[in-house]
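# Descriptive structure summary
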Amino acid sequence: MVIGDGVLTPALSVFSAVSGLELSMSREHHKYVEVPVACIILIGLFALQHYGTHRIGFLFAPVVLMWLLCISAIGIYNIIHWNPHVYQALSPYYMYKFLRKTQRGGWMSLGGILLCITGSEAMFADLGHFSQLSIQIAFTSLVYPSLILAYMGQAAYLSQHHAIDSDYRIGFYVSVPDKLRWPVLVIAILAAVVGSQAIITGTFSIIKQCSALSCFPRVKIVHTSSKIHGQIYIPEINWTLMLLCLAVTVGFRDTKRMGNASGLAVITVMLVTTCLMSLVIVLCWHKNVFFAICFVCFFGTIEALYFSASLIKFLEGAWVPVALSFIFLIVMCVWHYGTLKTYEFDVQNKVSINWLLSLGPSLGIVRVRGIGLIHTELVSGIPAIFSHFVTNLPAFHQVLVFLCIKSVPVPHVRAKERFLIGYIGPREYRLYRCIVRYGYRDVHKDDMEFEKDLVCSIAEFIRSGNHEPNGAKDDLESEDGKMTVVGTCCTHTDGIQLREDDVDNIESAGTSELREIRSPPVIQPRKRVRFRVPDSPKINRGAREELQELVEAREAGIAYILGHSYVRAKQGSSMLKKLVINYGYGFLRRNSRAPASTLSAPHASTLQVGMVYHV
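Remember, predicted model here, so these are calculated numbers, not experimental data.

Rules and cut-offs
Residues numbered from 1 in each chain as written. Predicted model: local features only at pLDDT ≥ 70, side-chain atom pairs only at ≥ 80, totals over all residues. Heavy atoms only, no water. Helix = DSSP H or I, 4+ residues; strand = E, 2+ residues; numbered from the N terminus. Buried < 20%, exposed > 50% of the residue type's maximum accessible area, 1.4 Å probe, protein only. Contact = heavy atoms within 4.5 Å. Areas by Shrake-Rupley, 256 points an atom, 1.4 Å probe, with all protein chains shown as cover. Patch = residues over 30% accessible without salt bridge, like charges linked within 9 Å, V, L, I, M, F, W, Y side chains within 5 Å. Salt bridge = Lys/Arg side-chain N within 4 Å of Asp/Glu carboxyl O. Phe/Tyr/Trp six-rings, centres within 6.5 Å; stacked < 30°, edge-to-face > 60°. Axes fitted to C-alpha atoms, helices over the stretch in contact; angles between N-to-C directions. Left-handed = near helix turned anticlockwise from the far one by under 90°. Nonpolar A, V, L, I, M, F, W, Y, C, P; charged D, E, K, R; others polar. Core = buried A, V, L, I, M, F, W, Y, C linked by side-chain atoms within 4.5 Å. Pairing = 2+ DSSP bridges. Polar contact = N/O pair within 3.5 Å; in protein donor to acceptor, adjacent residues only side chain to side chain. Expected span 1.5 Å × (residues − 1). Arc of directions from axis to C-beta. pLDDT = per-residue confidence, 0-100.

On to the overall build of the protein, then. Looking only at helices and strands, the protein features 19 helices and 14 strands. Every one of the 615 residues in the protein was classed for burial, and the buried ones make up 45%. Contacts in the protein between residues far apart in sequence, at least 24 positions, make up 78% of those at least 6 positions apart. When the accessible surface of the protein is split by element, carbon and sulfur atoms take 63% of a total near 31,900 Å².

Right, let's talk about a nonpolar patch on the surface for a bit. On the surface, Val272, Leu276, Leu279 and Leu283 cluster together into a nonpolar patch covering about 390 Å² of accessible area. Looking at the secondary structure, you find Leu279 in helix α11 (residues 255-284).

For the rest of this paragraph, the subject is the packing of aromatic side chains. Inspection of every chain in the model, using the stated rule, returns 14 aromatic pairs. With 5.0 Å between their ring centres and 90° between their planes, Phe298 and Phe299 make a pair best called edge-to-face. Residue classification places Phe299 among the partly exposed residues on the basis of a relative accessible area of 37%. Centroid distance Tyr423 to Phe461: 5.0 Å. Interplanar angle 50°. Geometry classified as tilted. Of this pair, Tyr423 sits in strand β5 (residues 419-423) while Phe461 sits in helix α16 (residues 447-464), and the two are 38 residues apart along the sequence. For Tyr423, a relative accessible area of 16% puts it in the buried group.

Looking now at the packing of helix α1 (residues 2-18) against α11. In contact at an axis separation of 9 Å, α1 and α11 are set at 145° when each is read in the N-to-C sense. Of the two possible hands of crossing, α1 and α11 adopt the one that is left-handed. The residues of α11 that touch α1, namely those facing Val2, Asp5, Leu8, Thr9, Ala11, Leu12, Phe15 and Ser16, are Thr255, Met258, Gly259, Ala261, Ser262, Ala265, Val266 and Val269. Classifying every residue of the contact of α1 with α11 by side-chain character gives ten nonpolar, five polar and one charged.

On to the nonpolar core. Ranked by internal contacts, the top residues of the largest apolar core, which has 60 residues, are Trp67, Phe204, Phe216 and Val248. In terms of residue count, the dominant contributor to this core is helix α9 (residues 181-212) (twelve residues). With sequence-adjacent residues up to four places away left out, Trp67 is seen in contact with Phe172, Val184, Ile187, Ala188 and Ala191. Of all hydrophobic cores here, the second largest spans 31 residues; its members include Ile365, Ile374, Val567 and Ala569.

Another point: the sheet that holds strand β6 (residues 431-439). A sheet is described by the order of its strands in space; here seven strands give the open sequence β9-β5-β6-β4-β3-β13-β14, paired in mixed fashion. A single partner strand is all that each edge strand has here, and the edge strands are β9 (484-486) and β14 (606-614). Each strand axis lies, on average, 30° off the axis of its neighbour in the sheet, ignoring direction. Both β5 and β6 contribute to a ladder of five bridges, which runs antiparallel. Bridged to Leu420 within β6 is Ile435. The strands that helix α13 (residues 319-349) touches are β13 (558-568) and β14; relative to β14, the one it contacts most, it runs at about 100°.

Here the focus is the side chain of Glu460. If you trace the backbone, Glu460 turns up in helix α16. One polar contact links Glu460 to Arg463, side chain to side chain, over a distance of 2.5 Å.

Here eight bridges tie strand β3 (residues 366-375) to strand β4 (residues 395-408), and the two strands are oriented parallel to one another. Across the sheet, the residue bridging to Val366 is Ala395, located in β4.

Moving on: unusual backbone geometry. Its identity as a non-glycine residue notwithstanding, Gln103 has a phi of 55°, on the positive side. Inspection of the secondary structure puts Gln103 in the loop between α6 (92-102) and α7 (104-113). For His286, which is not glycine, the phi dihedral falls at a positive 60°. With respect to the helices and strands, the residue His286 is situated in the loop between α11 and α12 (289-311).

Our focus in this paragraph is the pairing of β5. Counting buried positions along β5 gives five out of five residues, so the element sits mostly inside the fold. Of the two faces of β5, the one lined by Phe419, Ile421 and Tyr423 and the one lined by Leu420 and Gly422 are each fully buried. Sheet topology note: the β5/β9 ladder contains three bridges and is antiparallel. Residue pairing for β9: Leu420 is matched across the bridge by Val485.

Moving on, we get to helix α10 (residues 235-252). Taking 1.5 Å per residue, 18 residues should reach 26 Å; α10 reaches 26 Å between its end C-alpha atoms and fits that length. Every buried residue of α10 is listed here: Pro235, Ile237, Asn238, Leu241, Met242, Cys245, Leu246, Val248, Thr249 and Phe252. Seen from one end, α10 has its buried residues packed into an arc of 165°, which puts them on one side. Positive phi shows up at Arg253, right after α10, with a value of about 50°.

On average, the protein scores 80 in pLDDT, and the residues at 70 or more come to 80%. Within the protein, no element has a lower average pLDDT than strand β7 (residues 477-478), which sits at 41, and none a higher one than α10, at 92. Predicted confidence for residues 466-479 stays below pLDDT 50, and this span has 27 contacts to residues more than four positions away or in other chains. Confidence over residues 504-515 falls short of pLDDT 50; this stretch has 19 contacts with residues more than four positions distant or in other chains.

Turning our attention to the environment of Lys208. Looking at the secondary structure, you find Lys208 in helix α9. C-alpha of Lys208 to C-alpha of Tyr233: the two residues are 25 residues apart in sequence and 9.6 Å apart in space.

To continue, consider the environment of Ala198. Secondary-structure assignment places Ala198 in helix α9. Ala198 gets classed as buried once you look at its relative accessible area, which sits at 9%. Each C-alpha atom of the pair Ala198 and Pro10 lies 9.5 Å from the other, and the pair is 188 residues apart in sequence.

A side chain of one charge can pair with a side chain of the opposite charge if their charged atoms are brought near each other. With the rule as written, the count across this model stands at eight salt bridges. Glu417 is the partner of Arg414 in a salt bridge, and the nearest nitrogen-oxygen pair spans 2.3 Å. Accessibility expressed as a relative area gives 47% for Arg414, which makes it partly exposed. With a closest N to O distance of 3.4 Å, Arg554 and Glu451 form a salt bridge. Within this pair, whereas Arg554 is found in helix α17 (residues 541-556), its partner Glu451 is found in helix α16, the two being separated by 103 residues in sequence. Just as Arg554 is buried, Glu451 falls in that class too.

So this is what it looks like as C-alpha cells:
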C-alpha cells in the first residue's frame, strides 16, 4: 500500500496544485493546460531523482516553510474576514453533532475528509533524511498548527459561500484572494514537488529493505550520499513510478477520484501500522497486553470508521491502490518463495569436506595451469556447482579460489579489511575461500586491478601462515577452517608485493633489491609474474613452494567460473507450484538484475556452468 501511495501521492499533489489554473485563467483554456502541465512537472520530478536529494535538498526547507506560512496567513485572513467564530469547530461536540444529524451521508463523507491528512504523513516516510525527533518537533510546532489554521480558514470562507452557484469545483484556491492566486499557485506547485519527493524516497527505502530480505527482485540501488545511508535511488522503480503516475493523472484527470484512491491507501497503511504498533508495545517496549489492546481499540476504531467509509468509494477510484498492492504482493510472494527454495537447494546439495578429501589433492582429475575463480553466494561449504563441474569435465585449474562478494551496510570498507581468506581442505589441495567486502560507496576496481589485489592478498596469506599481517583477528569460523583478514597490496607495504611485466618489457626489467620468487621459464608467456618478499620474515619450504605455484598459475591466467541455475519445480508438484516456479519466478529472474559478480566478470575469461535446480 505504501508503494501504491508512492504512485498516487505525486499524481494527486501535483495535479491538485496545478488545478489552481481553473480559477486563474478562462474555463475554455484551463482544461487543455491542466493535464499537460501536471505531466510535465511529474516527468521533471522523476528525471531529477538520479541526482540525489542532497544536491537540491537545501531548497526543501525554504519551500515548505514558505508554503506553511502562506496557508497559515491565508487561513488567518479568512477567519478574521469571514467568520471569527469558526474556532468553535475545534470542539469534538460538533463532530458528534454532525454525524448524528447527517448519519449515513456524514459517514460516507469521511472518505473525502481523509484528504486533510494525506501528505502530512509523508514526513514519516522520509526518515532516511531526518531524525525522528526533528520530525516530531517540526510537526507539533509548525506543520500541525499551519494545517489547522488553513482548514479553519477554508471552513470560515465556506460558511459564508456554501450556497454559491458556480461551475467551478470548491477547493483550496476558492478561498484564496484573487490577487494572491498566481503567487500561491507557484508556491503550491513547489510544495507539491517537495512532498512528492518524500514519498518517492520512502518508496525507494521500502523496495531496498524488501530486496535485502529477498522479498523483491534484485534492482540497481544507487546511494546518492556518502554520509546519509537512507538517500538512495533505484532507476527501475523510479521510471516505473513515473509511468504509473502519468497513467493515473491522464486516466483520472480529477482530484476527487485521485483523492478516493489516495485516501484508501493512506488509511490502510495507518490501520495496519496501528495493529503492528500493538506488537511493538508488547514485544519491544515490554508493556502490559491490556495497554496494547486499549491502544488498538481506541485508534483502531477511529481508523476502521474511516476505512469503511473509503471502501464505499471503491468503484470511484479507490480500486487503484488495491490493484497496485495486489500486483506488488504477487511479485514479492513469488520472488520470496522461489529464492527460499533455491537457497534450500544450495544448502542441501553443497559438497561436504569429506567428499573433497576422498578425491585427494588432484581432485581425481587433471589439474591444469591457471587460477579458477568460482563465484558463489555461500560463505561456507562448497557449492553444488563445483561437484557438477568436476563430474562432467576431466580437468580443473591448479589453483581454485571460491570467491564470495558481499556488500555491507557501511559507506566504505577499509582496504586492510577488504579480503577474508582461508583454506578449504589441506594446503596441498590449493583450494582457497575468499570473501571480498565492499561498502555501498566503494568503487569496484577494474578486472586487472582486482586480480592483482586478489593474488597479492592470497600470497600474503600464504606467507603469514596462521598470523595476521595487520595484527587483527577475525572471529569468522567456518567448517573449512579459520578465515583471516588480509588487506590489499597497498596496505601491507612490508609484506609481499606483486609485480607483473608485459612480455615486451621483460628484457628491460631490472632486479629488485628484495628477494624474488620467479616462475620457471616458459615458452611465450603472456606475463612475467614475480613476488617480492621482504627479508625479515622467514618463509618455510612448503609456503615457498605454494607461492611458486601461485606465481605459475597467475602467469597462465585467471578464469571466472559462474554458476547459472535454472529453477524448475520437481515432478509431482502441484499445478500452482509449477506455475509459480516455472513461469512466475523464471520470468522475474530473467528480467531482474543479475548479481554483482556476473556484471563485473570479464566476458573473455568467463565460463558459465549451467545447472537445473529441481525444487
